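Reading the structure
The lines below spell out each chain.
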Amino acid sequence: LPLYSTGRVRSYYYPYHRDKILNRTLYVAPGIAALVSTSVGNKTESGLTILTTNPEMVKCLESEIDDYLELCLPATSFYDYEKSYEQLYQCVSSYYEYQSDCINIVGGLSYITTPKEVLIDFAKSSDNISPLDLIHHFDSEYTDIERLLQRYRYTEIFAIDSFEDIISRKASTCAINGKVFFYTTAAYIKHLKSIVAMLEKYENYHVFLFKERKIESCIYVKKGYSTLAILYKSPYSVCETKNINIVDAVWEYAKNEMDQGCSDDANKMQVMMKINKLILRLEEYA
């Protein structure tokens, strides 16, 4: 998924049932080489695999891939912040609007839990972000989250930055309108308090903590609906897939990333205790 969000990888799927008799695999580097393998059903022992650099054969197999693509549909949609901002925003907005259980694997503290005053300070320090537009978008998406939390689970998985990174202003935000900001200690404390407040207020809001930051991107998945892979590094971009097989697979992956060692209530108490302990330590330093 992080590769999809770079826009350099395209995925397609065949939308109909296959007969499961013939399996064909094609790898083609146009003008260079091709690797082709064919087998009948699961009889892989009798399958023949051929590697060729013959220009005419490579060209022929390249045409065969094009023939397959004509029968397939795109499994992913890619949106670049600089080239397709409106489509990107509409994609994210539609995701927030849809009501379903949700799991987010986040590379840092999440955008939706950021206090408004912190968002405004970030926007004021940037030349290309309007505080009014940012808050308007935030209010709209937060309203969708509040509506979702009345019936569905909203789970976030992330790692809290180290004490040393926070006080040295090395802790960064998720991308906000295509730009990454670095927290002051005071701003980070406010964001941590906002997370605790949401955990206390909403029964269906849950947080699971990584021991360390695993990804710099973000993977959102809503059960039975879609998956978003968001790349924070330049260019800021989003890859969306609504192919139900991929969505289900990512959903299972996200569930496996959650700590299964204790009940939701026990985990919520542990998370709040850990965050509050860090808040006290940071306040003593500040």
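Quick look at the structure, then. (Residues numbered from 1 in each chain as written. Predicted model: local features only at pLDDT ≥ 70, side-chain atom pairs only at ≥ 80, totals over all residues. Heavy atoms only, no water.)

Right, let's talk about the pattern of salt bridges for a bit. Under the definition given, this model contains 6 salt bridges. For the salt bridge of Lys190 with Glu117, the shortest nitrogen-to-oxygen distance reads 2.9 Å. Of this pair, Lys190 sits in helix α6 (residues 185–201) while Glu117 is found in helix α3 (residues 116–124), placing the two residues 73 residues apart along the sequence. Assessed through its relative accessible area of 35%, Lys190 is described here as partly exposed. (Salt bridge = Lys/Arg side-chain N within 4 Å of Asp/Glu carboxyl O. Helix = DSSP H or I, 4+ residues; strand = E, 2+ residues; numbered from the N terminus. Buried < 20%, exposed > 50% of the residue type's maximum accessible area, 1.4 Å probe, protein only.)

As defined by bridge partners, strand β2 (residues 22–29) adjoins strand β3 (residues 33–40) across 8 bridges and the pair is classed as antiparallel. Across the sheet, residue Leu26 finds its bridge partner in β3, namely Val36. Where β2 folds back onto β3 in an antiparallel hairpin, the turn is made up of 3 residues, including Gly31, whose phi is positive at roughly 75°. Where β3 meets strand β4 (residues 43–52), 6 bridges bridge the pair, whose relative direction is antiparallel. Among the inter-strand pairings, Thr38 is bridged to a residue of β4, identified as Leu48. The antiparallel pairing of β3 with β4 creates a hairpin that spans 2 residues between the two strands, and Gly41 there sits at a positive phi of about 55°. (Pairing = 2+ DSSP bridges.)

The subject of this paragraph is the environment of His191. Note that His191 resides in helix α6. The spacing of His191 and Glu117 is 74 residues in sequence and 9.9 Å in space, taken between C-alpha atoms. Discounting residues that sit within four places of it in the chain, His191 has contacts with Leu109, Ser110, Thr113, Thr114, Pro115 and Tyr183. (Contact = heavy atoms within 4.5 Å.)

Taking strand neighbours across the sheet as the criterion, the 3 strands line up as β2-β3-β4 in an open arrangement whose pairing is antiparallel. Looking at the sheet topology across the chains shown, the edges are occupied by β2 and β4. Averaged over neighbouring strand pairs, the angle between their axes works out to 10° when direction is ignored. (Axes fitted to C-alpha atoms, helices over the stretch in contact; angles between N-to-C directions.)

Turning to helix α8 (residues 264–285), a few remarks are in order. Between its first and last C-alpha atoms α8 spans 32 Å; for 22 residues at 1.5 Å apiece the expected length is 32 Å, and the two agree. Of all the residues in α8, the buried ones are Asn267, Lys268, Val271, Met272, Ile275, Leu278, Ile279 and Leu282. Looking down the long axis of α8, one finds its buried residues gathered within 130° of arc, a one-sided arrangement. Within α8, the exposed residues directed more than 90 degrees away from the buried face are Asp265, Met273, Lys277, Leu280 and Glu284. In this structure, the buried residues of α8 make contact with α5 (163–167), α6 and β9 (205–209). (Expected span 1.5 Å × (residues − 1). Arc of directions from axis to C-beta.)

For the rest of this paragraph, the subject is the packing of aromatic side chains. Counted according to the given criterion, the structure contains 11 aromatic pairs. Measuring from centroid to centroid gives 3.9 Å for Tyr98 and Tyr225, while their planes differ by 5°, and the two rings are stacked. Separated by 127 residues along the polypeptide, Tyr98 in the loop between α2 (85–97) and β7 (102–106) and Tyr225 in the loop between β10 (218–222) and β11 (226–231) bring together distant segments of the chain. Residue class for Tyr98 comes out partly exposed when judged on its relative accessible area of 33%. Here Tyr154 and Tyr205 contribute two aromatic rings whose centre-to-centre distance is 6.2 Å and whose plane-to-plane angle is 25°, an arrangement assigned as stacked. With Tyr154 in strand β8 (residues 154–158) and Tyr205 in strand β9, this residue pair connects regions lying 51 residues apart in the sequence. Among the residues examined, Tyr154 registers a relative accessible area of 1% and is labelled buried. Looking at Lys179, its charged tip hangs above the ring of Phe181, at a distance of 5.7 Å from the centre. Arg281 extends its terminal NZ or CZ atom over the ring of Phe163, reaching a point 3.8 Å from the ring centre. (Phe/Tyr/Trp six-rings, centres within 6.5 Å; stacked < 30°, edge-to-face > 60°. Lys NZ or Arg CZ within 6 Å of the ring centre and 35° of its normal.)

In this section: the pairing of β8. Buried residues dominate β8, accounting for 5 of its 5 residues. The pairing of β7 with β8 spans 4 bridges and is parallel. Residue pairing across strands places Asn104 opposite Glu156, the latter belonging to β8. Where β8 meets β9, 5 bridges bridge the pair, whose relative direction is parallel. By the bridge assignment for β9, Ile157 is matched with Phe208.

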